[in-house]
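Understanding the architecture of this molecule
Residues per chain, in single letters:
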Amino acid sequence: MTEAHPQIDPTNFDLIVLGTGLPESLIAAAASSAGKSVLHLDPNPFYGSHFASLSPDDLSAFLSSSSSPHPPSFPGDDPATVGLATLPLYSDVQISSSSPEVIEEHCRKFSLDLAGPKVLFCADKAVDAILKFGTNHYLEFKAIDASYICIEKGKLMKVPDSRSAIFKDKNLSLMEKNQLMKFFKLVQQHLDPDEDGSAKVSEEDLETPFSEFLGKIGLQQKIKSIIMYSIAMADQNQDNVDISEDILRTKDGIDRLALFHSSMGRFPNASGALIYPSYGQGELPQAFCRRAAVKRCLYVLRMPVVALHIDQDDGQYRGIKLASGQDLFSPRLVLDPSFVVPSQVGSSVEEPVKIRSQKDAEAKVARGICITRASLMPDVSNLLVIYPPRSLCPEQDTAVRVLQLGSTSAVCPPGMFLLYLSAICSDSSQGKTLLNAAISAVEVSQISERNAMNKNEDAEVEKPFILWKATYIQKLCMGKYGSITSTPSSDGNLNYNDLMDATEKLFHSLYPDEAFFPEATSPGNTEDDDDGTSDTVQRTLPLRKEGALPEILDGKLGQAQAEEGLAMAKPKNLRYLGRKASSSTLVFTVLLVFSFAVLILLAIWILSMPSGSSSGPKVHDLTSIVRKTSDWTGDDEGRSESEQWAEVISWEPRAIVYHNFLSKNECEHLIKLATPHMRKSAVVDSATGKRKDSRVRTSSGTFLARGLDKMIQDIEKRIADFTFIPVENGEGLQVLHYEVGQKYEPHFDYFLDEYNTKNGGQRMATLLMYLSDVEEGGETVFPNAKGNFSDGPWWDELSDCGKKGLSVKPKRGDALLFWSMRPDATLDQSSLHG
Amino acid sequence: MATTGNKSINAKLVLLGDVGAGKSSLVLRFVRGQFVEFQESTIGAAFFSQTLAVNDATVKFEIWDTAGQERYHSLAPMYYRGAAAAIIVYDITNQASFERAKKWVQELHSQGNPNMVTALAGNKADLLDARKVTSEEAQTYAQENGLFFLETSAKTASNVNDIFYEIAKRLPRVQPAPNPSGMVLMERPAERTVSASCCS
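This one's a predicted model, so the numbers in the text were calculated from it and none came from an experiment.

Inspection of the secondary structure assignment puts Ser-66 of chain A in the loop between α2 (56-65) and β4 (81-83). Setting aside residues up to four positions removed in sequence, Ser-66 of chain A forms contacts with His-50, Pro-88, Leu-89 and Tyr-90 of chain A.

Right, let's talk about the pattern of salt bridges for a bit. All names here are of chain A. Overall, the coordinates contain 23 salt bridges over all chains when judged by the stated rule. The partner of Glu-514 in a salt bridge is Lys-36, and the shortest N-O contact between them spans 3.5 Å. Of the two residues, Glu-514 is situated in the loop between α14 (497-510) and β27 (536-538) and Lys-36 in the loop between α1 (22-33) and β2 (38-41); the sequence distance between them amounts to 478 residues. According to the relative accessible area criterion, Glu-514 is partly exposed, its value standing at 24%. Lys-251 is paired through a salt bridge with Glu-207; the nearest N and O atoms lie 3.9 Å apart. Of this pair, Lys-251 sits in helix α10 (residues 250-263) while Glu-207 sits in helix α7 (residues 203-207); the two residues are 44 residues apart in sequence, bridging distant segments of the chain. By relative accessible area, which is 42% here, Glu-207 ends up partly exposed. A single salt-bridge network, built from bridges that share partners, covers Glu-207, Arg-249, Lys-251 and Asp-252.

All right, on to the pairing of β2 of chain A then. Residue and element names in this part refer to chain A. The alternating pattern of β2 places Val-38 and His-40 and Leu-39 and Leu-41 on opposite faces, both of which are buried. Bridge count between strand β1 (residues 15-18) and β2: four bridges; the pairing is parallel. Bridge pairing in β2 links Leu-18 to Leu-41. Remark: the β1/α1/β2 crossover connection has right-handed handedness. Relative to strand β13 (residues 298-300), β2 is paired through three bridges, and the arrangement is parallel. Across the sheet, the residue bridging to His-40 is Tyr-299, located in β13.

The subject of this paragraph is helix α4 (residues 135-144) of chain B. Residue and element names in this part refer to chain B. Of all the residues in α4, the buried ones are Ser-135, Ala-138, Gln-139, Tyr-141 and Ala-142. Buried residues along α4 cover an arc of 165° about the axis, so they all sit on one side. Those residues of α4 that are exposed and angled more than 90 degrees off the buried face are Glu-136, Gln-143 and Glu-144. Packed against the buried residues of α4 are β4 (85-91), α3 (95-111), β5 (117-123) and β6 (148-151). One or two positions beyond α4, positive phi appears at Gly-146, with a value near 70°.

Further remarks concern the sheet that holds strand β15 (residues 317-322) of chain A. Residues and elements named next belong to chain A. Here four strands make up an open sheet; going across it, the order is β4-β14-β15-β16 and the pairing antiparallel. Of all strands in the sheet, those bounded by a partner on one side alone are β4 and β16 (327-329). Each strand of the sheet is rotated relative to its neighbour by a mean of 30°, with strand direction disregarded.

When pLDDT is averaged along chain A, the result is 74; 66% of the residues meet or exceed 70. A low-confidence stretch, residues 521-641 of chain A stays under pLDDT 50, and its non-local contacts, those more than four residues away or across chains, total 252 contacts.

In this section: the nonpolar core. In terms of nonpolar packing, the biggest core is built from 112 residues, with Phe-61, Ile-63, Ile-87, Leu-120, Phe-164, Ile-167 and Leu-171 of chain B touching the most fellow members. In contact with Phe-164 of chain B, other than residues within four places in its own chain, are Leu-13, Leu-26, Phe-30, Leu-52, Phe-61, Ile-63 and Ile-87 of chain B. Val-159, Leu-214, Ile-369 and Tyr-420 of chain A belong to the second-largest nonpolar core, a separate cluster that totals 66 residues.

Further remarks concern the confidence of the model for chain B. When pLDDT is averaged along chain B, the result is 81; 82% of the residues meet or exceed 70. Listed scores for the predicted complex are pTM 0.69 and ipTM 0.87.

This part is about the sheet that holds strand β12 (residues 274-277) of chain A. Working definition: the strands of a sheet are paired by backbone hydrogen bonds and lie parallel or antiparallel to each other. Residues and elements named next belong to chain A. The strand order across the open sheet built from three strands is β8-β12-β9, with neighbouring strands paired in antiparallel fashion. One side of each edge strand has no neighbouring strand; the edge strands of this open sheet are β8 (120-121) and β9 (141-143). When β8 meets β12, the two strands line up antiparallel, connected through two bridges. Each bridged residue has a counterpart across the sheet, and for Phe-121 the counterpart in β12 is Leu-274.

With that settled, the discussion passes to the packing of helix α4 (residues 125-132) of chain A against α14 of chain A. Think of two packed helices as two axes; the pair is described by the angle between the axes and how far apart they sit. Residues and elements named next belong to chain A. Interhelical geometry of α4 versus α14 gives an angle of 55° and a closest axis separation of 8 Å. Judged on the interaxial angle alone, α14 and α4 are oblique. Residues Lys-125, Ala-126 and Ala-129 of α4 lie in contact with α14, whose contacting residues are Asn-497, Met-500 and Asp-501. Among the residues forming the contact of α4 with α14, the class breakdown is three nonpolar, one polar and two charged.

Here we come to the pairing of β12 of chain A. All names here are of chain A. Neither face of β12 is left uncovered, since the one carrying Leu-274 and Tyr-276 and the one carrying Ile-275 and Pro-277 both have all their residues buried. As defined by bridge partners, β9 adjoins β12 across three bridges and the pair is classed as antiparallel. Bridge pairing in β12 links Lys-142 to Tyr-276.

Calculation notes
- Residues numbered from 1 in each chain as written.
- Chains lettered and ligands numbered in written order.
- Predicted model: local features only at pLDDT ≥ 70, side-chain atom pairs only at ≥ 80, totals over all residues.
- Heavy atoms only, no water.
- Helix = DSSP H or I, 4+ residues; strand = E, 2+ residues; numbered from the N terminus.
- Contact = heavy atoms within 4.5 Å.
- Salt bridge = Lys/Arg side-chain N within 4 Å of Asp/Glu carboxyl O.
- Buried < 20%, exposed > 50% of the residue type's maximum accessible area, 1.4 Å probe, protein only.
- Pairing = 2+ DSSP bridges.
- Right-handed = clockwise from strand over helix to strand, strands pointing away.
- Arc of directions from axis to C-beta.
- Axes fitted to C-alpha atoms, helices over the stretch in contact; angles between N-to-C directions.
- pLDDT = per-residue confidence, 0-100.
- Core = buried A, V, L, I, M, F, W, Y, C linked by side-chain atoms within 4.5 Å.
- Parallel < 35°, antiparallel > 145°, perpendicular 65-115°, else oblique.
- Nonpolar A, V, L, I, M, F, W, Y, C, P; charged D, E, K, R; others polar.

Structure below.
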């Protein structure tokens, strides 16, 4: 289904983004969420650019094509159209394989990260962005089970990163354990000082080098290494001020420890602080691109851009020329770091967006990928190994990090493992030396671990441990903002924090007035968002009004007869629909709550009632009700089918069931009116009087305005007649829908707070009308009711839940009236219901 | 990513097909019971879930719509990952869309999981006068390629529920789990437990 360069429609955009790496994808997602029209292009056939996860073949091809410069292919005779060139991001690419046939066989099962090793800290900025953009629906993660640090040459020890890990550790002496415990406690006290902040780290100390501070509080070199390199993830040798231009200050060190510790236990399935996306890091840009697409960003892969259109007067960027020859225009352009911004563009100076800890432009990162046939550690497949400076060789000035991932992360076939290595370096030969030293060290420790485990199995040793290996040097590029914006390249860090900061700054330079993160009301509840622009819409089928099911059944019968040729329109399917209708526990109830302007009025109203009833046109006595009942029977055939009668079910609380209060037509009418407006029910916050979501109540519902139409006016009138409370005192009808498992835990309808009583007075009574029948459950229960409720005739029909108190089983057309107040206007505790 | 347990199955379902074939309309009809005559080509909501009860299980579909990324053939591999079912949609009044649907079937075979339950939906079946693709032709193609075929109409709701019920019935009750599924990040993970209560 390849189609050579389709024409793109429209041709004008607010923003064009070239490259689908993580920063570009984030900018596209943020700009689309802010309502900008965005075109996102990539010359490659895959998402992710320099952040992609690829098969070994595709990775080799991409690395080799991105390690040589591509001069502009566009003839440069027109000064208004300048050819777009790329610079190589990679150099010294070396790929070798000891078992090409094994790799070939499983080629498609590998997802190799171009920018590895990278992980996410559970509390870091990338995780925040994933949650804020709602991309967590698209991604799954695996925990990194353990991290190790090489302290003595060739020996790996598990990083004691938590209290329990320190306690269980076998490599540390008791004194070392004490030191580490005390230090963690100090950091914790510094981060949240409970009393007077006496244990806080002083301001002076915060500005000193972290290593100096650790020495000052009396930590040994071994403990310092563990803290600096395996928890704070420092890159450069922190004890050699002459060489390391990038020394971690105490303040930053403590921030990194704080990130590590807040990451522990943030998500229930992640035992440690670190997680890795299933199928590889390349999933992250894909997720943000999908998010952007949902917000109407237009995606075109396999679409090279050959030239840029430049305004001849002011040298500003105007648009792009595609390989197809098509011209597209936008006021802004974002390029991935491999593209060269032509010198002809822009009178304004490009400003690098520098993040404090980003290395200077001369620095490089050496990366390595190995496919191995065994895990470094028995029983652990996802792990991190840190080789601090000087642990591999005396010349080693930067930490080398090794990340191993197993097939549980869906990045390689079972029985194989991936190793990612990286080290910051100033030149390629230094970088290669470090990588190779680390690969040898890993092989040595793997063999010693295996020998320790299985002394007898010598046959395995014959086979090579590493099946496939790639090493390459990547340039570090900073993001730049100017007439054209360039995104930063992947950095040498283990996580994306610096990259996220740089991307957010670039976005704010592009759009100073827009928020980087979309304004999500509550990311955890996006299912409830029903405005059509939300990414997630969750509905369960029973929400469909009951009346719709027979329609579908009818429609299907007709369809089956009309199109006999279609084998699939089997009447057999009817069974499932039919079954669905009967087995789903559907309850539509209508709640009507009466309220009074002030509590005092209630007494007056009760007192004045007799006179009102004797002088007014409506005589509120039983004969009147009987007469009215017969009136309705005359004009509504639906109701005449069933007999209407009232039944007092309890005096404490005062509760009465009016059987067949509503007709079948009225029930269906109410459901029909309410169905389009259903939303998750809220409860009233007693502090603010506002609606808020609550786990106490899980139904969906809507309010119908008072007197919305003739039928509702009739119902309200009837309610007023039955309850002797005027229509004006009623709140609007509220239609609620409870599905299987949905509930509103026992509650009172009356208010206990000031705010709500001011709003319309105290609620006095509630009339619940059941709009549908249920097979089981759905009862309204009064747990505090008094009386021997178990001898009622319906007791045996009740569900277990309904037996907890006085219960009313829903039956269509029935109405339940209960009073939240006793006749003396005090609140009735026994009206607790759910 | 169909996971079984206590007769409840979670299944990711993806929609494929030409622009304008009616993928989104089909889902909107199924999930919301709505139909919009002139549905915008890229809709805001691209992720739906809908639960169906079949005779021996409850199937919770996670329905992924293309979010318009199919327009220039730029669907991400993420889209196909872990999908347990797919519906390939074409427009019966448009022969080209049927030819494109065949291409999507090939694409699915190369990208998706081989055990995927795949349905072919000839949509816009209400427009009988404008029919260009006969149901026999599509039925033959479907049989040859191991798909099941229904002609649907999102407008009249004809066969829309059926196609989802049929997929729910055909989903394997016990899924081989090559990759134990990872965790999904949630803002407040501990609070997502649903307490089962029958009370209203």
